[in-house]
Amino acid sequence: MLQAIGGSVPPNTDHAVSVSLPTWRANVAYEEGEDWVISKMQCGYPRFFVHPSIQKLVKEIIQRVGDQETETATLFASLKTARICHSFITSKVSDEQSQKVRIVNFVPSPHTEAGSTSITSSLVGVIYPKEFASIAKQVWQHSGNGISSRRGEFCLRALQDGFLVEEKDSATAESLSQRPCKGPRRYQGRGSLSGAAWGTSTPNAPSPAPAATSSVEDGRDYAQFIEERFGRNLSAVYAAQAKMAVRKRLAGVLTADVELSEALETASSGGRVDDISEEDVLLYPSGMSAIFNAHQTLLNARGSMQSICFGFPYTDTLKILQKWGPGCLFYGHGSSEDLDDLETRLKNGERFLGLFTEAPGNPLLKTPDLVRIRALADKYDFAVVVDETISNFLNINVLPYADIVASSLTKIFSGDSNVMGGSVILNPHGKYYQKLKETYAQHYEDTYWAEDAVFLERNSRDFVSRIDKINSTSEKVSAMLKSSPLVKEVYYPKYSATRPLYDSLRNPNGGYGGLFSVTFHSNAEAIAFYDTLEVLKGPSLGTNFTLCSPYVLLAHYGELDWARSFNVDPDLVRISVGLEDLPDLRSRFQRALDAVEKVRSQGV
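Note that the coordinates shown come from a computational prediction; the quantities given were computed from them, not determined experimentally.

Account for the overall build of the chain, with residues named and values stated.
What the chain contains, in helices and strands, is 24 helices and 20 strands. Relative to its 604 residues, the chain shows a buried fraction of 61%. Across the chain, every contact between residues at least 6 apart in sequence was considered, and the portion connecting residues at least 24 apart equals 74%. Summing over all exposed atoms, the chain offers an accessible surface of approximately 23100 Å²; the carbon and sulfur share of this is 48%.

So, in structure tokens, the structure goes:
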């Protein structure tokens with residue numbers, strides 16, 4: 001076991017994106033909410049588990065403006081995203097109950113804004129009765145618009161030190177600033193830009209002890225507050241540079257490993273398609289936020305119409321299309337027969353907002369027929385949105401066939417599994433380009449937290465070289481499993497019936513990616529393989545280390561029969577290959593196969 005149950009993945013990482021669920025039984029217990037797993041959770045995938053730093057911030061806010069016994073809150077970076085949550089909750093409860101749901105806005109205090117040469121942050125809380133928490137959780141999970149753990153850390157300290165105040169109290173903040181305040185407190189742990197973090201890594205750990213108080217001549221010194229917590233390099237200018245470099249990489253302008261300075265100096269010419277630039281790239285706090293906002297933008301740009309979800313999707317994409325707007329037409333197989341049906345509907349006069357698909361899909365790694373989809377979209381007037389998270393743009397280029405390309409930057413673009421992020425890329429040659437640009441200009445908010453942007457940019461500098469190694473290793477490991485009679489099926493673009501479709505999108509030096517799934521001939525064999533495989537185990541993918549999960553259990557535990565109806569085996573094991581040496585990985589997988597063979601020989 002490389003990490004204990006509930007520990008961060010990767011280990012010793014305060015802002016880890018994954019959490020260790022090292023056995024099949026632990027995954028089931030997590031889904032069942034059993035205490036022996038839940039009580040050990042130090043972290044979790046951020047859209048499914050509220051990070052300890054955010055839990056503390058919620059507690060602080062409720063202590064100030066709520067009822068600790070009956071209320072809780074969900075936190076966002078803007079009024080707009082908070083209002084989406086507020087509207088969703090109130091739409092699910094009675095008119096009388098909806099009166100108990102309210103929005104509280106926290107803003108930088110006047111003396112903070114006046115004296116700041118660095119970074120400021122807003123914070124908005126949707127406060128509601130605790131019994132509505134399961135409703136609010138849907139917004140947090142599906143929309144991906146919630147605040148990040150690093151923003152949560154910052155806002156908690158800013159709130160406690162008087163640099164962030166409730167909006168209605170901002171007029172009196174100057175008087176608060178004259179009171180004695182907590183002096184500087186250097187970070188003691190890991191995770192900040194200076195290599196540390198104040199927060200603890202467990203939900204039930206006590207809050208940090210107060211530092212000694214001291215007086216500041218002109219009230220609380222915000223610049224000092226920033227420096228003490230983040231070092232000298234967290235500034236609005238530095239964060240903007242990091243975002244610019246990320247956007248250039250995503251536009252395809254940068255095709256080699258480069259440092260920040262070189263990235264900023266590279267001319268914005270060339271890329272995925274002619275005439276694209278970083279101006280066609282928008283950043284979001286998560287991949288699901290990118291997809292959620294792509295859908296919202298299309299609704300704003302084209303009006304309220306049903307969407308199409310084509311192919312078996314990542315679960316939250318389908319939920320977004322079903323729960324916001326007028327719903328969707330779902331083609332779970334993503335087959336040519338499904339396209340035949342869609343074409344018949346279109347010929348008969350049905351019209352749609354847009355078609356959302358993944359290239360390839362998760363977890364069966366099937367590739368949609370984007371050429372045919374594009375032709376139908378052009379003929380019958382609907383947009384095409386492609387999620388390229390699994391493949392990444394160095395392997396295939398889907399932009400020529402899409403109006404919008406979305407991606408989770410949390411995955412292979414970052415690799416380090418310690419920061420969330422998402423992106424939307426607009427096709428400058430798309431039919432709706434001008435309208436989408438206008439709509440995004442009107443509605444887009446850059447809520448991507450500065451510190452997260454800095455981490456993402458740093459992590460992505462070696463993106464190109466990492467992809468090459470992961471592609472090569474994945475092909476060899478998947479081939480090893482495919483050749484074994486112990487394995488029922490290997491799902492990988494190279495072995496899929498849709499490989500010709502994938503190859504038609506593949507770049508000259510592109511590979512087949514780092515993700516594949518395997519199934520076995522019995523549940524016992526799947527469990528033996530998973531429990532024995534000596535790699536880190538937990539949700540997420542695209543990490544620089546090999547990561548494994550019983551994906552269908554985690555993503556579709558309450559709808560396993562539904563998943564099975566689309567040929568998705570509930571016992572499927574999904575593997576994301578990392579940067580380990582090939583001989584090492586081969587030996588680990590062989591030991592796992594040996595465990596499967598032992599189970600089979602025993603007739604279990």
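Help me get a handle on the packing of helix H21 (residues 523–532) against helix H24 (residues 582–601), residues and values and all.
One can describe the packing of H21 onto H24 by two numbers: an axis separation of 8 Å at closest approach and a directional angle of 150°. When the axes of H21 and H24 are compared, the pair comes out roughly antiparallel. Considering the relative orientation of H21 and H24, their crossing is right-handed. Two secondary-structure elements touch here, H21 through Ala 524, Glu 525, Ala 528, Phe 529 and Thr 532 and H24 through Phe 589, Arg 591, Ala 592, Leu 593, Ala 595, Val 596, Val 599 and Arg 600. Of the residues in the contact of H21 with H24, the class split is nine nonpolar, one polar and three charged.

Got a sec to walk through helix H8 (residues 149–160)? Specific residues and values, please.
Residues that lie three or four places apart on an α-helix share one face, since the helix turns once every 3.6 residues. In this model H8 runs 17 Å from its N-terminal to its C-terminal C-alpha over twelve residues, within 8% of the 16 Å that 1.5 Å per residue would give. Across the twelve residues of H8, eleven count as buried, placing the element largely inside the fold. Directly beyond the C-terminal end of H8, a positive phi value near 85° is found at Gly 162.

A description of the sheet that holds strand S10 (residues 307–310) should follow, citing residues and the corresponding values.
Strand pairing within a sheet occurs via backbone hydrogen bonds; the two strands may be parallel or antiparallel. Overall, mixed pairing links the seven strands, which are arranged S9-S15-S14-S13-S12-S10-S11 in an open sheet. For this open sheet the edge positions go to strand S9 (281–284) and strand S11 (328–331), each flanked by a neighbour on one side alone. Taking the axes of each pair of neighbouring strands and ignoring which way they run, one obtains an average angle of 20° across the sheet. Here five bridges tie strand S12 (residues 354–358) to strand S13 (residues 383–387), and the two strands are oriented parallel to one another. Bridge pairing in S13 places Thr 357 opposite Val 386.

Break down the nonpolar core for me, with residues and values.
Counting residues in hydrophobic clusters, the biggest one holds 72 residues, and the most contacted among them are Leu 342, Leu 481, Val 518, Phe 529 and Ile 575. Among the elements that line this core, the one with the most residues is helix H19 (residues 463–482), at six residues. Not counting residues within four places of it along the chain, the set of residues in contact with Leu 342 comprises Ile 308, Leu 329, Tyr 331, Phe 352, Leu 355 and Leu 376.

How would you summarise the packing of aromatic side chains if you had to cite specific residues and measurements?
One pass over the full model with this rule turns up 20 aromatic pairs. Ring centres 5.5 Å apart and planes at 50° place the aromatic pair Phe 393 and Phe 463 in the tilted group. On the criterion of sequence distance, the pair formed by Phe 393 in the loop between S13 and strand S14 (404–408) and Phe 463 in helix H19 is long-range, its members being 70 residues apart. No difference in accessibility class separates Phe 393 from Phe 463, as the two residues are buried. Taken together through their ring pairs, the aromatic side chains of Tyr 492, Tyr 495, Tyr 502, Tyr 512 and Phe 516 make up a single cluster. The aromatic ring of Trp 36 is capped on one face by Arg 25, whose charged end is 4.2 Å from the ring centroid. Above the face of the Tyr 495 ring, Lys 482 is positioned so that its terminal group lies 5.1 Å from the ring centre.

Run through the pairing of strand S4 (residues 102–108), naming residues and quoting values.
Within S4, five of the seven residues are buried, which leaves it mostly tucked inside the rest of the structure. When S4 meets strand S5 (residues 123–129), the two strands line up antiparallel, connected through five bridges. Bridge pairing links Val 104 to Gly 125 in S5. The pairing of S4 with strand S6 (residues 164–166) spans three bridges and is antiparallel. For Val 107, the partnering residue across the bridge sits in S6 and is Val 165.

Quick notes on the rules
- Counting restarts for each chain: residues are numbered from 1 in the order of the written sequence.
- For this predicted model, a pLDDT threshold of at least 70 governs which residues receive local features, and a threshold of 80 or more governs which side-chain atom pairs are given and counted, while totals over whole chains, interfaces and linings are taken from all residues.
- Only hydrogens and water are removed before side-chain values are computed, so all heavy atoms of the structure are retained for them.
- For helices the rule is a DSSP run of H or I covering at least 4 residues; for strands it is a run of E covering at least 2, with both sets numbered from the N terminus onward.
- The classification of residues rests on relative accessible area computed with a 1.4 Å probe and restricted to protein chains. Under 20% of the type maximum is buried, over 50% is exposed, and intermediate values are partly exposed.
- Contact between two residues is taken to exist if any of their heavy atoms lie within 4.5 Å; hydrogens are not considered.
- Residue exposure ignores everything except the shown protein chains as possible cover, and the areas themselves are Shrake-Rupley values with a 1.4 Å probe.
- Every axis in this analysis is a line fitted to C-alpha atoms, fitted for helices over the stretch in contact. Angles between the N-to-C directions lie between 0 and 180 degrees.
- Roughly parallel means an angle under 35 degrees; roughly antiparallel, over 145; roughly perpendicular, 65 to 115; everything else is oblique.
- By the definition used in this description, the sense in which the near helix is turned from the far one sets the handedness, with an anticlockwise turn below a right angle giving left-handed and a clockwise turn giving right-handed.
- Note on residue categories: nonpolar means Ala, Val, Leu, Ile, Met, Phe, Trp, Tyr, Cys or Pro, charged means Asp, Glu, Lys or Arg, and polar means any other residue, Gly included.
- Expected helix span is computed as 1.5 Å times (number of residues minus one).
- For two strands to count as paired, DSSP must find a minimum of two bridges between them.
- In plain words, nonpolar cores are sets of buried Ala, Val, Leu, Ile, Met, Phe, Trp, Tyr and Cys residues tied together by side-chain atoms within 4.5 Å.
- Aromatic contacts are taken between Phe, Tyr and Trp rings whose centres are within 6.5 Å, Trp giving its six-membered ring; a plane angle under 30 degrees counts as stacked, one over 60 as edge-to-face, and the others as tilted.
- Charge over a ring is defined by NZ of Lys or CZ of Arg lying within 6 Å of the ring centre and within 35 degrees of the ring normal.

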